Amino acid sequence: MHSKCARKGEWLGELKQTVKSGKELTIQSRWTLVRDDDGKPRSIFVINTDVTEQKSLEAQFLRTQRMESIGTLAGASLTT
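This structure is a prediction, so every number in the text was calculated from the model and none was measured. (Residues numbered from 1 in each chain as written. Predicted model: local features only at pLDDT ≥ 70, side-chain atom pairs only at ≥ 80, totals over all residues. Heavy atoms only, no water.)

**Examining the sheet that holds strand β2 (residues 24-35)**
Okay, step 1: Here we have 3 strands laid out as an open sheet, ordered β1-β2-β3, and antiparallel in their pairing. Looking along the sheet, the strands with just one partner apiece sit at the ends: β1 (10-18) and β3 (41-50). With strand direction ignored, the average angle separating the axes of adjacent strands in the sheet is 30°.
Okay, step 2: As paired strands, β1 and β2 are joined by 9 bridges and run antiparallel to one another. Looking at β2, one finds that Lys16 is bridged to Thr26. (Pairing = 2+ DSSP bridges. Helix = DSSP H or I, 4+ residues; strand = E, 2+ residues; numbered from the N terminus. Axes fitted to C-alpha atoms, helices over the stretch in contact; angles between N-to-C directions.)

Right under this line is the structure:
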């Protein structure tokens, strides 16, 4: 990640982080390379967003869609 940020000037991705309580979070992270006045890399500016709940809801939605599709297929095979 550091090398990609250094080469491209930015990096965007998801990371797993564990908090003190032991709970694992899914973090959407955006890294931006900050340069000094001479254009040399000085630091990396990081913005992290907790997307754990969003990912959980997306997974639940996809499971529901799959179950509905199975129900539709099962219903169609009963009528033929």
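So much for the structure itself; the text now carries on.
**Overview of the environment of Trp31**
Okay, step 1: Structurally, the position occupied by Trp31 is in strand β2.
Okay, step 2: Remark: the alpha-carbon pair of Trp31 and Asn48, spanning 17 residues in sequence, is separated by 8.7 Å.
Okay, step 3: Contacts of Trp31, omitting those with residues within four sequence positions, involve Met1, His2, Cys5, Gly9, Glu10, Trp11, Ile44, Phe45 and Val46. (Contact = heavy atoms within 4.5 Å.)

**Observations regarding the environment of Glu10**
Okay, step 1: As for its position among the elements, Glu10 is in strand β1.
Okay, step 2: The spatial distance from the C-alpha of Glu10 to the C-alpha of Arg30 is 7.3 Å, given a sequence separation of 20 residues.
Okay, step 3: Once residues lying within four places of it in the same chain are set aside, the contact partners of Glu10 are Lys4, Cys5, Arg30, Trp31 and Thr32.

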